[in-house]
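Residues per chain, in single letters:
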Amino acid sequence: MSENQLYNDPIVFIIDDDDEVREAIALLMESVGLASESYSSAEIFSDNFNLDRPGCIILDIRMKGMSGLMLQEHLANQEIHPPIIFITGHGDVPMAVKAIKAGAIDFIQKPFNDQVLLESVYRAIEVDEKQRGKAQKHAEIREKLARLTPREHEVLDLVVKGHRNKIIADKLHISQSTVEVHRSRVMEKMEANSLSDLMRMVLTISDD
């Protein structure tokens, strides 16, 4: 497998302590052309986890050692991780509710219907693509913000708050012409085509 495939093609990560279940799911993924990797425990997966790898996780909720819910909680602390589909032969409603509330894509009981599982996998991969696209966009904006000088950050903050050049000049004790120079540099460094474009970028990462 090439490095490009490794980090760009979605992978279905199968985590279950039942050998037969892992093998059955892997064969199902292979039948529709999806790559997969199998792990017999949450600990092994966690030790080898690379957040740069896209895809989704099919995760048994009850396992010896680290449970599926414990792994879900651990992954929630990461910047980004593949969406999770829980499978179990011992599920109950409270456990399912907890998993879904914590962000799981689906909760499927064994024995599962192949088509139902595949539909969940496709949906999870789509969610992962959107999440990673959003994360990439936010990273690009933060990289542009890092280019600004402290004074340019001050000007940007006041511009986003809707202040006019005269007010910004008064607040920063500089001339309006200097404000205009700073605004121009902010627009250039942020690669913004308009004031609304600039504001949209700042607001996009305001909740990060």
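Refer to the structure above for everything that follows.
Residues numbered from 1 in each chain as written. Predicted model: local features only at pLDDT ≥ 70, side-chain atom pairs only at ≥ 80, totals over all residues. Heavy atoms only, no water.

Enquirer: Looking at this structure, I do not really get the packing of aromatic side chains. What am I missing?
Expert: Two aromatic rings are characterised by how far apart their centres lie and by the angle between their planes. Inspection of the entire model under this criterion finds three aromatic pairs. Seen from their ring centres, Phe13 and Phe45 are 5.6 Å apart, and the 65° between their planes marks the pair as edge-to-face. With Phe13 in strand β1 (residues 11-15) and Phe45 in helix α3 (residues 42-48), this pair connects stretches of sequence that are 32 residues apart. Relative accessible area serves as the criterion here: at 3%, Phe13 is assigned to the buried category. Its relative accessible area of 1% is what places Phe45 among the buried residues. (Phe/Tyr/Trp six-rings, centres within 6.5 Å; stacked < 30°, edge-to-face > 60°. Helix = DSSP H or I, 4+ residues; strand = E, 2+ residues; numbered from the N terminus. Buried < 20%, exposed > 50% of the residue type's maximum accessible area, 1.4 Å probe, protein only.)

Enquirer: What exactly am I supposed to notice about the environment of His153 here?
Expert: Examined against the element boundaries, His153 turns out to sit in helix α7 (residues 150-160). Along the chain, His153 and Arg183 lie 30 residues apart, while their C-alpha atoms are 9.8 Å from each other. In contact with His153, other than residues within four places in its own chain, are Leu145 and Leu148. (Contact = heavy atoms within 4.5 Å.)

Enquirer: What is the right way to read the side chain of Arg132 from this model?
Expert: Along the chain, Arg132 falls in helix α6 (residues 114-145). Arg132 sits in the buried class, given a relative accessible area of 17%. A distance of 3.0 Å separates a polar side-chain atom of Arg132 from the backbone oxygen of Arg53. At 2.9 Å, the side chain of Arg132 and the side chain of Asp128 are in polar contact. Apart from the residues within four sequence positions on either side, Arg132 is in contact with Leu51, Asp52, Arg53, Pro54, Ile80, His81 and Pro82. (Polar contact = N/O pair within 3.5 Å; in protein donor to acceptor, adjacent residues only side chain to side chain.)

Enquirer: Even after reading the chapter, I still don't get the nonpolar core, so can you show me in this structure?
Expert: Across soluble globular proteins, nonpolar side chains have a tendency to be buried as a group. If you look at the biggest cluster of nonpolar residues, it comprises 22 residues, and the most contacted ones within it are Ile15, Phe45, Ile57, Leu59, Leu71, Leu75 and Phe86. Contributions of two or more residues to this core are made by β1, α3, β3 (55-60), α4 (68-75), β4 (84-88) and α5 (93-101). (Core = buried A, V, L, I, M, F, W, Y, C linked by side-chain atoms within 4.5 Å.)

Enquirer: I would appreciate a short explanation of the environment of Pro10 in the present structure.
Expert: On the secondary structure map, Pro10 appears in the loop between α1 (3-8) and β1. For Pro10, a relative accessible area of 27% corresponds to the partly exposed category. Sequence spacing of Pro10 and Glu191 is 181 residues, and the spatial spacing of their C-alpha atoms is 31 Å. Excluding residues that lie within four positions of it along the chain, Pro10 makes contacts with Ala35, Pro54, Gly55 and Ile125.

Enquirer: When you look at the packing of helix α8 (residues 165-172) against helix α9 (residues 176-190) in this model, what are you seeing that I'm missing?
Expert: Each packed pair of helices is defined by two parameters, the angle between the axes and the distance between the axes. At their nearest, the axes of α8 and α9 sit 8 Å apart, and the two run at 105° to each other. Considering the angle they form, α8 stands roughly perpendicular to α9. Only Gln176, Val179, Glu180 and Arg183 of α9 make contact with α8, whose side of the interface consists of Asn165, Lys166, Ile168 and Ala169. Grouping the amino acids of the contact of α8 with α9 by side-chain chemistry returns three nonpolar, two polar and three charged. (Axes fitted to C-alpha atoms, helices over the stretch in contact; angles between N-to-C directions. Parallel < 35°, antiparallel > 145°, perpendicular 65-115°, else oblique. Nonpolar A, V, L, I, M, F, W, Y, C, P; charged D, E, K, R; others polar.)

Enquirer: Which parts of the structure should I look at to understand the pattern of salt bridges?
Expert: A pair can form between side chains of opposite charge whenever their charged atoms are brought close. For the structure on display, the rule yields 14 salt bridges. The partner of Asp19 in a salt bridge is Arg22, with the nearest N and O atoms 2.6 Å apart. Within this pair, Asp19 and its partner Arg22 are both found in helix α2 (residues 19-31), separated by three residues, close to a single helical turn. A residue is classified by how much of its surface remains accessible, and Asp19, at 51% relative accessible area, is exposed. One salt-bridge network, held together by shared partners, links Asp16, Asp60 and Lys110. (Salt bridge = Lys/Arg side-chain N within 4 Å of Asp/Glu carboxyl O.)

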